[in-house]
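So you can see what is in the structure, the chains are spelled out below.
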Amino acid sequence: MKTRAFQQVDVFTDTAFLGNPLAVVLDGTDLSDAQMQAFARWTQLSETTFVLPPTPEGAAGGADYRVRIFTPGAELPFAGHPTLGTAHAWLKAGGVPRQSAQLVQECGVGLVTLKSVDGRWAFAAPPLQRQAPTPALLDEVLAALGLHANEVLAAQDLNNGPHWLGILIDSVDSLLALEPDHAALKRLNTKVGVAAKRQANAGGGLIRRANREARAFAPSTRIANEPTDLEVRAFAAPVGIAEDPVTGSLNASLAQWLMAEGHMAERYSARQGTVLGRAGQVFLSKDAQGQVWVGGDVIGCIEGAVTL
């Protein structure tokens, strides 16, 4: 047991307590997998990270640090809000990048580059593997979500390290009204990201319930009034999270898919966490080389030490 520097930050928001919190242990050396998992389970945050020196291979590739990412139930090879949040905490703790205006993070999927895009840190979305989901699985997931097939505009199996079933539906109101059967999703061992374009809310679609019920949980009218292009919800029961407030890895893979298929423009913003009383904002863009960047604000909330 030793005292280790610790920070807790709020990611994908510029206002504390409206994003997705992240616990960052800035010195994870000598901790076993079991110790890391136990601490992540104890924090009960969607993710907890542990900063380590790069491996020799990572250092050779330019990595500034290595990070291990844990949910309360499992380790992840990559996740977006822990990537941005850990970078913020590392820099605040005095970390100095090997290259100016760029960070390189080593994690389970390899090396992830971060840079400033439009004045905020953004990470390069890892390569995406995607394919159509099997009809049987899609039918079971829709049943668990309480969705009808005629509400679905598109669906895709997405894998950029974390594995998600992405579903685009035709109504923001229907999205905000979803009350999934989380036990069924856990049994199916499927993490699901559901999205709806805001302009699609103007007409058509099956609206189950006025979204005033979702907005009743909002801490301010800011959530309802901020302009965004896409509304997102993430259900991750298989890794111990019923609904994630704001999810960088999911938004990365959604952007790569939806931009490629023409469902979204090559620059847009997404909102997530509305039903949970959050106001997460994710900024997605594709550069001239075809790389998708995922950006967001980060704000520090807690700084001190933890004994592990």
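Preceding this paragraph is the structure being described.
Parameters and conventions
- Within each chain, residues carry numbers counting from 1 in the order of the written sequence.
- Owing to the predicted nature of the model, reporting of local features is limited to residues with pLDDT of at least 70; listing and counting of side-chain atom pairs is limited to 80 or more, with chain, interface and lining totals taken over all residues.
- Remark: hydrogens and water are excluded; side-chain values derive from all non-hydrogen atoms of the structure.
- Each helix is a run of H or I in the DSSP string that is no shorter than four residues. Each strand is a run of E no shorter than two, and both are numbered from the N terminus.
- Expected helix span is given by 1.5 Å per residue-to-residue step, counting one fewer step than there are residues.
- Each residue gets one of three labels from its accessible area relative to the maximum for its type: buried under 20%, exposed over 50%, partly exposed in between, using a 1.4 Å probe on protein chains only.
- Contacts are assigned to residue pairs that have any heavy atoms within 4.5 Å of one another.
- Any two strands with at least two DSSP-identified bridges between them are counted as paired.

**Let's talk about helix α9 (residues 248–260)**
Turning to step 1, where the next piece is worked out: Its 13 residues give α9 an end-to-end C-alpha distance of 18 Å, which sits within 8% of 18 Å, the value for a rise of 1.5 Å per residue.
Turning to step 2, where the next piece is worked out: Burial runs high along α9: 12 of the 13 residues are buried.
Turning to step 3, where the next piece is worked out: One or two residues past the end of α9 sits Gly262, with phi positive at roughly 80°.

**As for the environment of Pro238**
Turning to step 1, where the next piece is worked out: Mapped onto the elements of the fold, Pro238 is located in the loop between β13 (230–236) and β14 (241–244).
Turning to step 2, where the next piece is worked out: Relative accessible area serves as the criterion here: at 23%, Pro238 is assigned to the partly exposed category.
Turning to step 3, where the next piece is worked out: Sequence separation between Pro238 and Val192 is 46 residues; the distance between their C-alpha atoms is 9.9 Å.
Turning to step 4, where the next piece is worked out: Excluding its chain neighbours within four sequence positions, the residues that come into contact with Pro238 are Leu185, Lys186, Asn189, Thr190 and Lys191.

**Regarding the pairing of strand β4 (residues 65–70)**
Turning to step 1, where the next piece is worked out: Burial runs high along β4: 5 of the 6 residues are buried.
Turning to step 2, where the next piece is worked out: Here strand β3 (residues 48–52) runs beside β4; their pairing, made up of 5 bridges, is antiparallel. The partner of Thr48 across the bridge, within β4, is Phe70.
Turning to step 3, where the next piece is worked out: As judged from the 2 bridges shared by β4 and strand β6 (residues 102–107), these two strands associate in the parallel manner. If you follow Arg66 over to β6, its bridge partner there is Glu106.
Turning to step 4, where the next piece is worked out: Counting the residues that bridge the hairpin from β4 to strand β5 (residues 75–76) gives 4 residues.

**Some points on the side chain of Thr228**
Turning to step 1, where the next piece is worked out: Structurally, Thr228 can be placed in the loop between α8 (222–225) and β13.
Turning to step 2, where the next piece is worked out: By relative accessible area, Thr228 is classed as buried at 8%.
Turning to step 3, where the next piece is worked out: When neighbours within four sequence positions are excluded, Thr228 is seen to be in contact with Arg198, Ser269, Ala270, Arg271 and Gln281.

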